[in-house]
Amino acid sequence: MVKNTNKTGSKTLPLNQIIDGDCIDVMNALPENSVDLIFADPPYNLQLKGELHRPDNSKVDAVDDHWDQFDSFKVYDEFSRAWLKAARRILKPNGAIWVIGSYHNIFRVGTALQDAGFWVLNDVIWRKTNPMPNFRGVRLTNAHETMIWAGKSEKSKPTFNYEALKALNDGVQMRSDWVLPICNGNERLKDENGDKAHPTQKPESLLHRVIIGSTNEGDVILDPFFGTGTTGAVAKKLGRKFIGIEREEAYRKVAKKRISAIKECDAESLKVSTSKRAEPRVPFGQVVERGMLKPGDQLYSLNGRHSAKIRADGTLIAHDQRGSIHQVGAALEGAPSCNGWTYWCFKKRGEAIPIDMLRKKIRAEMTA
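What comes next is a walk through the structure. Keep in mind it's a predicted model, so treat the numbers as computed, not measured.

Conventions we followed
- Residues numbered from 1 in each chain as written.
- Predicted model: local features only at pLDDT ≥ 70, side-chain atom pairs only at ≥ 80, totals over all residues.
- Heavy atoms only, no water.
- Helix = DSSP H or I, 4+ residues; strand = E, 2+ residues; numbered from the N terminus.
- Buried < 20%, exposed > 50% of the residue type's maximum accessible area, 1.4 Å probe, protein only.
- Contact = heavy atoms within 4.5 Å.
- Areas by Shrake-Rupley, 256 points an atom, 1.4 Å probe, with all protein chains shown as cover.
- Phe/Tyr/Trp six-rings, centres within 6.5 Å; stacked < 30°, edge-to-face > 60°.
- Lys NZ or Arg CZ within 6 Å of the ring centre and 35° of its normal.
- Pairing = 2+ DSSP bridges.
- Axes fitted to C-alpha atoms, helices over the stretch in contact; angles between N-to-C directions.
- Parallel < 35°, antiparallel > 145°, perpendicular 65-115°, else oblique.
- Left-handed = near helix turned anticlockwise from the far one by under 90°.
- Nonpolar A, V, L, I, M, F, W, Y, C, P; charged D, E, K, R; others polar.
- Polar contact = N/O pair within 3.5 Å; in protein donor to acceptor, adjacent residues only side chain to side chain.
- Lys, Arg positive; Asp, Glu negative; His and termini not counted.
- Salt bridge = Lys/Arg side-chain N within 4 Å of Asp/Glu carboxyl O.

### Some thoughts on the overall build of the protein
Reasoning step 1: Helix and strand counts for the protein come out as 11 helices and 16 strands.
Reasoning step 2: Counting only residues that meet the buried cut, the protein has 45% of its 368 residues in that class.
Reasoning step 3: Expressed as a percentage of contacts within the protein between residues at least 6 apart in sequence, the contacts between residues at least 24 apart total 66%.
Reasoning step 4: Surface exposure of the protein reaches about 19,900 Å², of which carbon and sulfur atoms provide 48%.

### Digging into the side chain of Ser 80
Reasoning step 1: With respect to the helices and strands, Ser 80 occurs in helix α2 (residues 73-90).
Reasoning step 2: Excluding its chain neighbours within four sequence positions, the residues that come into contact with Ser 80 are Val 109 and Ala 112.

### Brief notes about unusual backbone geometry
Note: most peptide bonds trans; most residues except glycine with negative phi.
Reasoning step 1: Backbone geometry at Asn 16 places phi at a positive 55°, although glycine is not the residue there.
Reasoning step 2: When you line up the elements, Asn 16 lands in the loop between β2 (11-15) and β3 (17-19).
Reasoning step 3: Of note in the backbone geometry, His 319 takes a positive phi value of approximately 60° without being a glycine.
Reasoning step 4: Tracing the backbone shows His 319 in the loop between β13 (316-318) and β14 (321-323).
Reasoning step 5: Residue classification places His 319 among the exposed residues on the basis of a relative accessible area of 70%.

### Considering the packing of aromatic side chains
Reasoning step 1: A complete count under the given rule lists 10 aromatic pairs for this structure.
Reasoning step 2: Their ring planes at 40° and their centres at 5.9 Å tell us that Trp 98 and Trp 178 sit as a pair that is tilted. Here the residue Trp 98 occupies a position in strand β5 (residues 91-101), and Trp 178 occupies one in strand β8 (residues 177-180), the gap between them amounting to 80 residues. Of the two residues examined, Trp 98 and Trp 178, each falls in the buried class.
Reasoning step 3: Between Phe 160 and Tyr 162, the ring centres sit 6.1 Å apart and the planes meet at 65°, which makes this aromatic pair edge-to-face.
Reasoning step 4: The exposure class of Phe 160 is partly exposed, given its relative accessible area of 45%.
Reasoning step 5: Tyr 162 sits in the partly exposed class, given a relative accessible area of 28%.
Reasoning step 6: These aromatic residues form a ring-pair network of at least three members: Trp 98, Trp 149, Phe 160, Tyr 162 and Trp 178.
Reasoning step 7: One cation-aromatic arrangement involves Lys 128 over Trp 126; the distance from NZ or CZ to the ring centre is 5.1 Å.

### Structural notes on the sheet that holds strand β10 (residues 241-245)
Reasoning step 1: Spatially, the 8 strands line up as an open sheet ordered β3-β10-β9-β4-β5-β7-β6-β8, and their pairing is mixed. Pairing within the sheet leaves two strands with one partner each, and these edge strands are β3 and β8. The sheet shows a mean angle of 20° between the axes of neighbouring strands, taken without regard to direction.
Reasoning step 2: Two strands pair when backbone bridges link them, and strand β4 (residues 35-40) and β5 are joined in this way by 5 bridges, in the parallel orientation. Looking at β5, one finds that Ile 38 is bridged to Ile 97.
Reasoning step 3: Its contacts with the sheet put helix α5 (residues 204-214) on β4, β5, β6 (119-128), β7 (144-151), β8 and β9 (220-223), and the angle it makes with β8 is roughly 140°.
Reasoning step 4: Of the strands in this sheet, β3 and β10 touch helix α7 (residues 249-260), which is tilted by about 175° from β3.

### Regarding the packing of α5 against helix α6 (residues 230-237)
The relative placement of two packed helices comes down to the angle between their axes together with the axis-to-axis distance.
Reasoning step 1: The interhelical angle for the contact between α5 and α6, taken along N-to-C directions, is 55°, at an axis separation of 9 Å. Our classification of the angle between α5 and α6 gives oblique. Here α5 runs over α6; the crossing is right-handed. Listed contacts from α6 to Glu 204, Leu 207, His 208 and Ile 211 of α5 are Thr 230, Thr 231, Ala 233, Val 234, Ala 235 and Lys 237.
Reasoning step 2: When grouped by side-chain class, the residues that make up the contact of α5 with α6 number 5 nonpolar, 3 polar and 2 charged.

### Overview of the sheet that holds β14
Reasoning step 1: Strand order in the open sheet formed by 6 strands is β14-β13-β12-β11-β15-β16, and the pairing between neighbours is antiparallel. Across the chains shown, the open sheet's two edge strands, defined by having one partner strand only, are β14 and β16 (351-354). Taking each pair of neighbouring strands and ignoring which way they run, the sheet shows an average axis angle of 35°.
Reasoning step 2: Pairing geometry for β13 and β14, over 3 bridges, is antiparallel.

### Things to note about the environment of Arg 305
Reasoning step 1: Note on placement: Arg 305 falls in the loop between β11 (298-301) and β12 (307-310).
Reasoning step 2: The spacing of Arg 305 and Leu 332 is 27 residues in sequence and 9.1 Å in space, taken between C-alpha atoms.
Reasoning step 3: Reaching out from Arg 305, the side chain makes a polar contact with the side chain of Glu 333 at a distance of 2.6 Å.

### Considerations on the side chain of Arg 209
Reasoning step 1: Summarising the element assignment, Arg 209 is placed in helix α5.
Reasoning step 2: Although buried, Arg 209 forms no salt bridge, and the nearest oppositely charged side chain, Asp 177, lies 7.7 Å from it.
Reasoning step 3: Ignoring sequence-local partners within four residues, the contact set of Arg 209 consists of Leu 165, Met 174, Trp 178 and Leu 180.

### Topic: the pairing of strand β15 (residues 344-348)
Reasoning step 1: In this structure, β11 lies alongside β15, joined through 2 bridges in antiparallel fashion. Pairing of Ser 301 across the sheet is with Trp 344, part of β15.
Reasoning step 2: Judged from the 4 bridges that link them, β15 and β16 form a sheet pairing that is antiparallel. Directly across from Cys 345, in β16, lies its bridge partner Pro 354.
Reasoning step 3: Counted along the chain from β15 to the antiparallel partner β16, the turn is 2 residues long, and its residue Arg 349 has a positive phi close to 50°.

Structure follows, in structure tokens:
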């Protein structure tokens, strides 16, 4: 286990560590405004009554552990309010939280979340491709869980890597219903007896999407209900720092072994698609100043209908139209607006080359 620390104010942040203790006490001891993201998979409070069996009479390994048992809804609500208050304190002003749950608890947690001052950004439905059947046949198969994504406050500006999520989704805007399988096969961790190490282990695919979409390299992600360490495992793979809190020794043992075996990706592999708005602004005048194109050179519209001459100050002239690459393009097309970078091209050895290639070259030099 790699152990890093990061000083925040007068306190030290225990990075890449799994802390033994009650999540509320541990979070209250951490520095205020020190964490970028929290992913929380709190107890579901399933209120199971008796054992559950399949049609062949084999016993279902359901969630009947002591940590999921509360005396009443009132006790569970008090617990939810306490850990959410502690979580909000340690989030940075632009930090965010993801909370996952089932129909047993997510609505109660959602109320406590809003009462605590968090600002809901989205609810995401994780639709399971391979859900556990309803063996008793008395209600619908519970084939999904709900995640709530919320900022620390209404004024927060949480990280949202829109382009990266779009790239994950084959270039289509990511929706709020995620179709992913539950954790099974080789990913399902086993204990020394060959049994499930944890009854509600989350699939790494789910955390991959959350972390890619709402954090950046080097960000600190805290999981107050760490379990067998899915959050930490994916965080390490993706070049993020994690803090795990887990009071069950058996889970900590499995998580440490799991995470220590993971190799981090190289720096280049961790880069993700970014929004063009986040890229450095390059005025067309820089292209002219640097001699990449010269005053008097001709530009041609990619649709082949129009041409314009470059002037010394980076503006264009075409017939009676004068102005920026955007203004002249819009005027020639009779359109309200135009992205001149993708509208115009220049010719080199008879080949039409978009002027955006020159902008990309300058940007690459600016960010090198």
